Amino acid sequence: MKQTALDKKFDKIRAMEEAGQLKPAKGSRALRKLMANRLAMVGLVIFSVILLMSIFAPLLTAHDPQKINLRAMLQPPSWDHLMGTDRTGRDVFARILYGGRISILVGLGSALMAAVIGVGIGCYTGYKGGWIDTVALRISEIFMSFPQIILVLLLVSIAGQSLMNLIIIFVLTGWAPMYRMARAKMLSLREEEYVQALRSFGVPTVKICYKHILPNALGPIMVNITLSTAMFILAEAGLSFLGLGVPLSVPTWGNILNVAQDLRVLQNNWWLWLPVGSVISLFVLSVNFIGDGLRDSTDPTLQG
């Protein structure tokens, strides 16, 4: 019977093992699998580059992102303005760098706050069960039933546009999915034997939930945080583009796109929308690649 390429590969591995040439791998298996995922590593590099460029924006550009210069309106890319200027003469490259700070803060900050609230409630109520679990479940369904745009219009009309309002809206609309995911994991893990043993030894409920069970559910939670970050960044860009998000005076990726709403601007001044659109697309793709890598490396059903 003819050997296949896979058979030859296994024979080679067995021969190396019998010769003592194979050494046991050290470190976390999930981390090794994540580093072996090329898309995840590409996403991590892109994510790190954009994040570091936003953090160290003052070192990369000398232009003020909010300084208006009517003598330099709608200038194409040049050595002085690497990505041109907008309709009020502001440097587009500086606005993209400084706007990344706000957009990433809104996306990542909202996702982390929603995860803390949702996971904190979901772990306890999912383990405890009873009426407290029913109440929390019904409250999450109420929040998930409201469209995000309705909450935006309601809060903007009451309190006005602000960065804090946008973060509050994203947390209100984002904690419920996190809660339901944490609750589902808790329902499946609370019947494990080690949990029954802890309960029989009289370990407090809070300690069982957050110290012993929660670490076993961190994989899907981390993946959900990355996906929520990408979703919130896109939502911020869309809402700011419509004039419903962060005030126009604050540079964000969405507000930069807001300047290019005019059709004539889109056709004749490509530098107003193409660079920032590319940055948003690359950043969201990088976050999704990282999320996919975390899912593959932490899911026990995909371990090979």
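First, a word on scope: everything that follows refers to the structure included in this document. (Residues numbered from 1 in each chain as written. Predicted model: local features only at pLDDT ≥ 70, side-chain atom pairs only at ≥ 80, totals over all residues. Heavy atoms only, no water.)

Focus: the state of the cysteines
- Tallied over the entire structure, the rule returns zero disulfides.
- Summary of cysteine pairing: cysteine 123 is not part of a disulfide, and the nearest cysteine sulfur, belonging to cysteine 209, is at 6.8 Å.
- Overall, cysteine 123 belongs to the buried group, its relative accessible area being 1%.
- Looking at cysteine 209, the relative accessible area reads 0%, which means it is buried. (Disulfide = S-S within 2.5 Å. Buried < 20%, exposed > 50% of the residue type's maximum accessible area, 1.4 Å probe, protein only.)

Describing helix H5 (residues 92-128)
- The first and last C-alpha atoms of H5 sit 53 Å apart over 37 residues, in line with the 54 Å expected at 1.5 Å per residue.
- The largest bend in H5 is about 30°, located at glycine 99.
- Most of H5 is tucked away, with 26 of its 37 residues classed as buried.
- Downstream of H5 by a residue or two, glycine 129 has a phi angle that is positive, lying close to 70°. (Helix = DSSP H or I, 4+ residues; strand = E, 2+ residues; numbered from the N terminus. Expected span 1.5 Å × (residues − 1). Bend = angle between axes of the 7 residues up to and from the residue.)

Notes on the layout of surface pockets
- Looking at the second largest pocket, its volume works out to about 160 Å³.
- If you go around the second largest pocket, the residues you meet are Ile50, Met53, Ser54, Met83, Phe93, Ile96, Leu97, Pro275 and Val279.
- Elements that contribute at least two residues to the lining of the second largest pocket include exactly helix H3 (38-55), H5 and helix H14 (274-298).
- Within the lining of the second largest pocket, the residues separate by chemical class into eight nonpolar, one polar and no charged. (1 Å grid on protein atoms, 1.4 Å probe; cavity = no way out; pocket = protein on both sides within 12 Å on 5 of 7 lines; lining within 4 Å. Points joined across faces, edges and corners; volume = space filled by probe spheres on them. Nonpolar A, V, L, I, M, F, W, Y, C, P; charged D, E, K, R; others polar.)

Some remarks on the nonpolar core
- Core analysis: the largest hydrophobic core is formed by 32 residues, its most contacted members being Tyr127, Phe170, Ile213 and Ile221.
- If one sorts the elements of this core by residue count, helix H8 (residues 163-189) sits on top with 10 residues.
- Those residues within four positions of phenylalanine 170 in sequence are excluded, and the remaining contacts are Val106, Ser110, Gln148, Phe232, Ala235, Glu236 and Leu239.
- One finds Ala40, Val276, Ile280 and Leu294 within the second-largest nonpolar core, a separate group that totals 24 residues. (Core = buried A, V, L, I, M, F, W, Y, C linked by side-chain atoms within 4.5 Å. Contact = heavy atoms within 4.5 Å.)

Any functional reading would require information that these geometric values do not contain.
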